[in-house]
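What follows is the residue order along each chain.
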Amino acid sequence: MESNSRETKASWLESWWILLPFTAILNWAAFIYIGARARNTRWILWGAVYFLPYALHEMTGFFFGSIVIGVICSIIHAFSVRKEFLTRIEGQRAKKEMLESDPEQYYKMALGRMVDHSAANDQDIPSLEEMNVDSLMVIEEDEELSVIDTLPQESQATSEILNINTALEEEIAALPGVGLILAKKAVQVRSRKGSYHSIDEFLDVLQLKPRFADRVRPLIMVQAQASPPPTPRGRVVDY
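Residues numbered from 1 in each chain as written. Predicted model: local features only at pLDDT ≥ 70, side-chain atom pairs only at ≥ 80, totals over all residues. Heavy atoms only, no water.

What follows concerns the overall build of the chain. When its secondary structure is counted, the chain shows 10 helices and 2 strands. Helices (α) and strands (β) of the chain occur, in sequence order from the N terminus, as α-α-α-α-α-α-β-α-α-α-α-β. Roughly 14,400 Å² of accessible area belongs to the chain as shown, and the carbon and sulfur atoms make up 59% of that amount. (Helix = DSSP H or I, 4+ residues; strand = E, 2+ residues; numbered from the N terminus. Areas by Shrake-Rupley, 256 points an atom, 1.4 Å probe, with all protein chains shown as cover.)

Next comes the structure, spelled out in structure tokens:
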């Protein structure tokens with residue numbers, strides 16, 4: 001209970017920017033901030049869109065109504081992207097920890113994506129000594145969710161239905177679009193709750209893109225873990 005309270009407090013501290021839209025003049029700054037922090041170009045562009053009515057109002061004296069509408073929309077928008085922002089930040093933090101603790105293993109995991117990224121941009125593949133957080137993160141700057149797809153493509157397949165209530169972390173990580181970071185999160189949530197009660201609950205925890213969720217759905221099932229046999233009570237008579 002105490003750890004859940006700490007996690008909730010930390011998540012709201014990370015979400016301080018959600019107050020900016022309520023100031024009515026810095027709503028655009030909130031999206032510039034989260035876009036830069038989470039490496040999401042789309043949010044930065046939204047910041048520019050929300051700033052546009054202010055610029056037009058300063059130049060022409062009109063468009064005040066657009067400012068009001070923009071403030072209202074930005075408040076709703078901020079709450080709608082908060083969860084994704086926290087997921088991205090959590091993923092970046094986990095990647096940094098993995099890279100610092102075991103860079104060689106992380107290099108192997110990221111190698112498949114590095115090859116594709118380098119080939120697409122006509123770049124050389126960096127060596128282990130040249131690897132750092134930024135060189136790995138840049139691969140995912142244009143992704144809609146930066147914490148997925150961390151395993152090589154050939155690992156992201158499974159040939160049998162997986163019971164998500166008994167599956168190991170490595171088995172969950174092998175599902176399409178999941179990877180070790182989200183698998184670790186799924187196992188932590190399962191340990192805290194006891195078990196998943198539906199596939200939708202599991203997918204909601206992972207926050208996968210729809211295209212990955214559709215691929216994962218037929219590969220998993222929800223089956224309650226077997227309960228331990230009841231402990232015998234009373235005196236046992238030995239005949």
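For the chain, mean pLDDT is 76; residues scoring 70 or higher make up 65% of the total. By mean pLDDT, helix H6 (residues 133-137) is the weakest element of the chain at 47, and helix H2 (residues 27-38) is the strongest at 95. Of the regions scoring below 50 in pLDDT, residues 115-120 engages in 8 contacts with residues more than four places distant in sequence or in other chains. Note on residues 133-158: pLDDT under 50 across the span, and 89 contacts to partners over four residues away in sequence or across chains. (pLDDT = per-residue confidence, 0-100. Contact = heavy atoms within 4.5 Å.)

What follows concerns the packing of aromatic side chains. Applying the stated criterion across every chain, the model contains 7 aromatic pairs. On the basis of an interplanar angle of 55 degrees and a centroid distance of 4.9 Å, the ring pair of Trp16 and Tyr33 is categorised as tilted. Of the two residues, Trp16 sits in the loop between helix H1 (2-14) and H2 while Tyr33 sits in helix H2, which places them 17 residues apart along the sequence. On the basis of relative accessibility, which here comes to 40%, the residue Trp16 falls in the partly exposed class. With centroids separated by 5.4 Å and ring planes inclined at 75 degrees, the aromatic side chains of Trp17 and Phe85 adopt a geometry described as edge-to-face. Taken together, the positions of Trp17 in the loop between H1 and H2 and Phe85 in helix H4 (residues 64-101) put the pair 68 residues apart, joining distant regions of the chain. The exposure class of Phe85 is buried, given its relative accessible area of 0%. A network of ring pairs unites the aromatic residues Phe31, Trp46 and Tyr50 as a single cluster. The aromatic ring of Trp12 is capped on one face by Arg82, whose charged end is 3.7 Å from the ring centroid. The ring of Trp43 is capped by Arg88, whose NZ or CZ atom sits 5.3 Å from the centre of that ring. (Phe/Tyr/Trp six-rings, centres within 6.5 Å; stacked < 30°, edge-to-face > 60°. Buried < 20%, exposed > 50% of the residue type's maximum accessible area, 1.4 Å probe, protein only. Lys NZ or Arg CZ within 6 Å of the ring centre and 35° of its normal.)

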